[in-house]
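Survey of secondary and tertiary structure
Below, each chain spelled out in residue letters.
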Amino acid sequence: MAALAGDGREPQPFDLGGLASAWPRLERARTSEQLREGIAGSVWGVRPEPPESELALALRVAWARRVQEAAPEAGDWVAGACALLAARELFLGAGHEHVGQLRRLPWIGEPALRAGSLQEMRAALPAPAAWALADTHDPADLWRAELGWWGRVEGDAGALLRGRAPHGAVLGAVALLAVDARRTARALAAAQSGDAELREIVAADA
């Protein structure tokens, strides 16, 4: 989307190779409409209307639903991530502009979407999702809650990796790779940009 709307200087998307499910077809799109049609006909199965933010949110919602279905062991991770995504969208993003997408999130019911504060939202969420917002009262502190989510994933993934269930061990290994990749990318971005806020996040995640 950025390349189609930009000046041609955007970096090339990361090549997933054999892991790609939709990109080999999508990369041939030359308009945003072609891109949306390609996504709708792919495993993602979503076709939201413009703007770009609606598409980005729709893909994240679809990802949550796919993980929820494919990896029941990651249920608490999905629930917590959905709570964080909904909270960020409602209190730091577009508010209720894209609430139709948020209604498709697993674990996030209508009472949580009508909440006027993080505290009200947490109280309206089921326990598997509410944990991600524990001790978070100000939307400006959601980044700390997101670090807490990654910390929970890292701890749980280590336990799965040491367990006896083959499927759980694979899930744990993939999750730990994601944790390491996220941490490394954040550190490199902080070193390159010199952004004080990003450096604070890196330090808090050390």
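In what follows, the accompanying structure is described. (Residues numbered from 1 in each chain as written. Predicted model: local features only at pLDDT ≥ 70, side-chain atom pairs only at ≥ 80, totals over all residues. Heavy atoms only, no water.)

1. Quick notes on the pattern of salt bridges
As a reminder, the rule being used: Take a side-chain nitrogen of Lys or Arg and a carboxyl oxygen of Asp or Glu: if they are within 4 Å of each other, that pair is a salt bridge. A run of H or I in DSSP becomes a helix once it reaches four residues, and a run of E becomes a strand once it reaches two; helices and strands are each numbered from the N terminus. Any residue under 20% of the maximum accessible area for its type is buried, any over 50% is exposed, and the rest in between are partly exposed; the area is computed with a 1.4 Å probe on protein chains only.
All told, the structure shown has six salt bridges when counted by the stated rule. In this structure, the salt-bridge partner of Asp 76 is Arg 152, at a minimum N-O distance of 3.1 Å. Of this pair, Asp 76 sits in helix H5 (residues 75-91) while Arg 152 is found in helix H10 (residues 142-162), placing the two residues 76 residues apart along the sequence. For Asp 76, a relative accessible area of 33% puts it in the partly exposed group. As a salt-bridge pair, Arg 88 and Glu 146 come within 2.7 Å of each other at their nearest N and O atoms. You can see Arg 88 sitting in helix H5 and its partner Glu 146 sitting in helix H10, a full 58 residues away along the chain. By relative accessible area, Arg 88 is classed as partly exposed at 30%. Glu 146 sits in the partly exposed class, given a relative accessible area of 21%. Among the ionic contacts, a cluster of salt bridges with common partners joins Asp 76, Arg 152 and Asp 156.

2. Brief notes about the packing of H10 against helix H11 (residues 166-193)
For the record, the criterion: Angular values range over 0 to 180 degrees, each being the angle between N-to-C directions of two axes fitted as lines to C-alpha atoms, with helices fitted over their stretch in contact. For any pair of crossing helices, the crossing counts as left-handed if the nearer helix is rotated counterclockwise from the farther one by less than a right angle, and right-handed if it is rotated clockwise. Contact between two residues is taken to exist if any of their heavy atoms lie within 4.5 Å; hydrogens are not considered. Under the convention adopted here, Pro, Cys and the residues Ala, Val, Leu, Ile, Met, Phe, Trp and Tyr are nonpolar, Asp, Glu, Lys and Arg are charged, and Gly plus all remaining residues are polar.
Where H10 meets H11, the closest approach of the two axes is 8 Å, and the angle between their N-to-C directions is 145 degrees. Crossing of H10 over H11 shows left-handed handedness. Between H10 and H11, the contacting residues are Leu 147, Trp 150, Val 153, Glu 154, Ala 157, Gly 158, Leu 160 and Leu 161 on the first element and Gly 168, Ala 169, Leu 171, Gly 172, Ala 173, Ala 175, Leu 176, Ala 178, Val 179, Arg 182, Arg 183 and Arg 186 on the second. Partitioning the contact of H10 with H11 into residue classes produces 13 nonpolar, three polar and four charged.

3. Brief notes about the nonpolar core
Filter applied, for reference: The criterion is simple. A nonpolar core is a set of buried Ala, Val, Leu, Ile, Met, Phe, Trp, Tyr and Cys residues joined through side-chain atoms within 4.5 Å.
Judged by nonpolar contacts, the single largest core of 38 residues is most densely connected at Trp 77, Leu 84, Leu 105, Ile 108, Met 121, Leu 125 and Leu 133. Mapped by element, the contributors of at least two residues to this core are helix H4 (52-70), H5, helix H6 (99-102), helix H7 (110-113), helix H8 (118-124), helix H9 (127-130), H10 and H11. When residues of this core are assigned to their parent elements, the largest contribution, ten residues, is made by H5. Apart from the residues within four sequence positions on either side, Leu 105 is in contact with Val 61, Ala 64, Cys 82, Leu 85 and Ala 86.

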